[in-house]
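If you want the building blocks of each chain, they are given just below.
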Amino acid sequence: MTHSRRDFLKRSSVSAVGFGLLRPDFSYHREISPNEKVNVGLIGARNKGFNILSHMLKTGQVNCLGICDVDKNIMEQRVEEVEKTHGQMVRSYNDFRKMLDNKEIDAVVIGTPDHWHCLIMVLACQAGKDVYVEKPLANSIEECNLMLAAARKYNRVVQVGQQQRSGEVWNSAMTHIHTGGIGEIKRINVWANFPYGMGAPKVPDKAIPNGLDYDFWQGPAAKRAYNPNRVHGNWRHFWDYGGGLMTDWGVHLLDMALWAKNIHHEPKSVIASGANFNLSAYSRETFELMDVSYPLENYFIHWTHTAGIAVGPYEKPYGVEFIGDKGVIIADRGDWKILQGNKEESEEASKLAKANFNFTGKSAMEIHVLDFLKSVKERTVTNCPVEIGRNVALYAHMGNIAVRSGENVLEWNAESGNFKGNSKGNALIRPEYKGGWKLPTV
Ligand SMILES: NC(=O)c1ccc[n+]([C@@H]2O[C@H](COP(=O)([O-])OP(=O)(O)OC[C@H]3O[C@@H](n4cnc5c(N)ncnc54)[C@H](O)[C@@H]3O)[C@@H](O)[C@H]2O)c1
């Protein structure tokens, strides 16, 4: 970064101003009337990126002007699908920078692995595009900082792919929590147990498949021999590209724990432990098991994950338990319920608590995408702006850093943007870009 941390905080601090109070200035943009379509381009099309684009196309409010992927097979397949299903002629790109040169594109969707989010988003902001970027915001704390700075400097509308922020299940639970329904919250327990967290069973390195530009796929990450377990879908278990279950699910679920208390400040400290067994059978660097505690002023967030299983508390593989002094809420993406007194009392309280909420039955993704398009047209703040994406990404990354550094307990200095007196933790804040790519400056 070219500016000092203090300047950065002045321009971007959510804790000092409260991002809800900041007046956004999304000034530079093409005027798009309510009935006009938003021109979008998709970067990273295999899985989630294409899911977002499909939701956007279903709204009827979007022209897809381009699809970019470094795997030619995926790019061609996705271009054909959009042309067939939606009758739109789509230009294909193998280099996102060429797509960003297309002045007709208003907004881009970033659906690449995490190690690419920062560079693509900063360049997209500089090119005057609005951005829907997948979560976690980035693969490191410093990249998250740069993305926040870029969104603010270039006045871009940003939606981070934490669609739970738009979901009716979570919004109705938050309404109940914020109106004191379960009293003062003392503790929030969060868990995520998924078989896929083990990584894929080991296979030998292979020749790079035809069509995949593996060099471009690796981009700013260290150059490694090609192994199918490092790419498409499996990358999330390697530090070069992702953070395992801690960041993959952590940002979705820890975000609910922060939202419950409207926490917008950075973590104060983190206490974490983690372990890795079965490393000879599975391709993985990220932790199979983790326990992370975040002590905050007058409450406590606890995260736990176990890869390789699909069970957890309350018979849920993942979920959030909000513990208040008047009751408890158990929630997942499908529903939430109150535990208060006996079974009948709990059921009655849950029914009553939801009675006044206007459920439309729309999926979280549908609402999240509609919210982004509306914000692009009306130049308003999205349901999950970059500030929210950055803050929860910091919480999740700090869990991983505490274990990776071997320190287990770390204290964070929000003013200087690093760990207090801890060089091992601080060494993991900022990535070293390789392969000729440079960490962007904002
Ligand atoms: N919000 C959610 O619920 C949710 C769900 C799944 C994934 N995600 C997020 O979406 C992102 C993508 O995950 P995925 O599961 O779709 O991964 P994936 O591996 O299935 O797809 C990524 C695609 O990006 C392409 N790609 C890689 N580098 C590129 C580059 N520089 N330019 C263009 N294309 C590039 C790959 O070739 C691949 O087609 C991740 O950040 C992930 O965390 C979010």
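Just so you know, these numbers come straight off a predicted model, no measurement behind them.

The rules behind these values
- Residues numbered from 1 in each chain as written.
- Predicted model: local features only at pLDDT ≥ 70, side-chain atom pairs only at ≥ 80, totals over all residues.
- Heavy atoms only, no water.
- Phe/Tyr/Trp six-rings, centres within 6.5 Å; stacked < 30°, edge-to-face > 60°.
- Helix = DSSP H or I, 4+ residues; strand = E, 2+ residues; numbered from the N terminus.
- Buried < 20%, exposed > 50% of the residue type's maximum accessible area, 1.4 Å probe, protein only.
- Lys NZ or Arg CZ within 6 Å of the ring centre and 35° of its normal.
- Near = heavy atom within 4 Å.
- Polar contact = N/O pair within 3.5 Å; in protein donor to acceptor, adjacent residues only side chain to side chain.
- Areas by Shrake-Rupley, 256 points an atom, 1.4 Å probe, with all protein chains shown as cover.
- Nonpolar A, V, L, I, M, F, W, Y, C, P; charged D, E, K, R; others polar.
- Axes fitted to C-alpha atoms, helices over the stretch in contact; angles between N-to-C directions.
- Parallel < 35°, antiparallel > 145°, perpendicular 65-115°, else oblique.
- Contact = heavy atoms within 4.5 Å.
- Pairing = 2+ DSSP bridges.
- Salt bridge = Lys/Arg side-chain N within 4 Å of Asp/Glu carboxyl O.
- pLDDT = per-residue confidence, 0-100.

Points about the packing of aromatic side chains
Logical step 1: Across all of its chains, the model carries 20 aromatic pairs by this definition.
Logical step 2: Here the aromatic rings of Trp-191 and Tyr-314 are separated by 6.2 Å at their centres, their planes lie at 35°, and the arrangement is tilted. Of this pair, Trp-191 sits in strand β7 (residues 185-192) while Tyr-314 is found in the loop between β12 (300-306) and β13 (318-324), placing the two residues 123 residues apart along the sequence.
Logical step 3: In this structure Trp-191 comes out as buried when scored by relative accessible area, which is 2%.
Logical step 4: When the centroid spacing of 4.7 Å and the interplanar angle of 45° are considered together, the rings of Trp-249 and Tyr-318 count as tilted. Of the two residues, Trp-249 is situated in the loop between α10 (244-248) and α11 (250-260) and Tyr-318 in strand β13; the sequence distance between them amounts to 69 residues.
Logical step 5: Judged by its relative accessible area of 12%, Tyr-318 falls in the buried class.
Logical step 6: One aromatic cluster is present, formed by Tyr-214, Trp-217, Tyr-226, Phe-238 and Tyr-241 through successive ring pairs.
Logical step 7: Against the face of Phe-50 rests Arg-78, its NZ or CZ located 4.2 Å from the ring centre.

Description of the site of the ligand
Logical step 1: In the vicinity of the ligand lie 29 residues, with Arg-46, Asp-69, Asp-114, Lys-135 and Trp-235 positioned nearest.
Logical step 2: A distance of 2.7 Å separates an oxygen atom of the ligand from a polar atom in the backbone of Lys-135.
Logical step 3: In the model, an oxygen atom of the ligand is placed 3.3 Å from a nitrogen or oxygen of the His-252 side chain.
Logical step 4: Contact with the protein chains removes 95% of the 850 Å² of surface that the ligand exposes when unbound.
Logical step 5: Here the shell around the ligand is built from residues that sort into 10 nonpolar, 10 polar and 9 charged.

Considering the packing of helix α3 (residues 48-58) against helix α13 (residues 364-378)
Logical step 1: Two numbers describe how α3 lies on α13: the axes approach to 9 Å, and their chain directions differ by 70°. Here α13 runs roughly perpendicular to α3, going by the angle between their axes. Along the contact surface, α3 presents Lys-48, Asn-51, Ile-52, His-55 and Met-56, while α13 presents Met-365, Glu-366, Val-369 and Phe-372.
Logical step 2: Looking at side-chain class alone, the contact of α3 with α13 contains 5 nonpolar, 2 polar and 2 charged residues.

With respect to the sheet that holds strand β17 (residues 418-419)
Logical step 1: In space, the 9 strands of this open sheet follow the order β15-β14-β13-β7-β12-β11-β9-β16-β17, with mixed pairing throughout. Two strands lie at the open edges of the sheet, namely β15 (336-339) and β17, each paired on one side alone.
Logical step 2: Where strand β14 (residues 328-331) and β15 come together, 4 bridges link them in antiparallel fashion. If you follow Val-328 over to β15, its bridge partner there is Leu-339.
Logical step 3: Together, β9 (269-275), β11 (289-295), β16 (409-413) and β17 form the strand contacts of helix α14 (residues 386-404), whose direction differs from that of β9 by roughly 55°.

Focus on the pattern of salt bridges
Logical step 1: Applying the stated rule across the entire model yields 26 salt bridges.
Logical step 2: A salt bridge links Arg-165 to Asp-255; the shortest N-O distance between them is 2.7 Å. Placement of the pair is Arg-165 in the loop between β6 (158-160) and α8 (168-178) and Asp-255 in helix α11, with a sequence separation of 90 residues.
Logical step 3: Arg-165 gets classed as buried once you look at its relative accessible area, which sits at 8%.
Logical step 4: The residue Arg-224 makes a salt bridge to Asp-240 at a minimum N-O spacing of 2.8 Å. Of this pair, Arg-224 sits in the loop between α9 (214-218) and α10 while Asp-240 sits in the loop between α9 and α10, placing them 16 residues apart in sequence.
Logical step 5: Among the charged side chains, a salt-bridge network with shared partners connects Arg-30, Glu-36 and Asp-106.

Examining the side chain of Ser-375
Logical step 1: Inspection of the secondary structure assignment puts Ser-375 in helix α13.
Logical step 2: Under the relative-accessibility criterion, Ser-375 is labelled buried at 1%.
Logical step 3: Those residues in contact with Ser-375 that lie beyond four places of it in its chain are Val-157, Thr-380, Val-381 and Thr-382.

With respect to the confidence of the model for the chain
Logical step 1: Averaged over all residues, the pLDDT of the chain equals 93, while 93% of them reach at least 70.
Logical step 2: Here residues 1-24 is modelled with pLDDT under 50, and outside its nearest four sequence neighbours on either side it reaches 42 contacts, counting other chains as well.

Quick look at helix α6 (residues 117-126)
Logical step 1: Most of α6 sits inside the fold, with 8 of its 10 residues counted as buried.
Logical step 2: Of the residues making up α6, those classed as buried are His-117, Cys-118, Leu-119, Ile-120, Met-121, Val-122, Ala-124 and Cys-125.

Some details on the sheet that holds β6
Logical step 1: Taken in spatial order, the 6 strands line up as β3-β2-β1-β4-β5-β6 in an open sheet, and their pairing is parallel. Looking at which strands have only one partner, the edges of the open sheet turn out to be β3 (91-93) and β6. Across this sheet, the average inter-strand angle for adjacent strands is 20°, counted without regard to direction.
Logical step 2: Relative to strand β2 (residues 62-68), strand β1 (residues 38-43) runs parallel, the two sharing 6 bridges. By the bridge assignment, Ile-43 is partnered in β2 with Cys-68.

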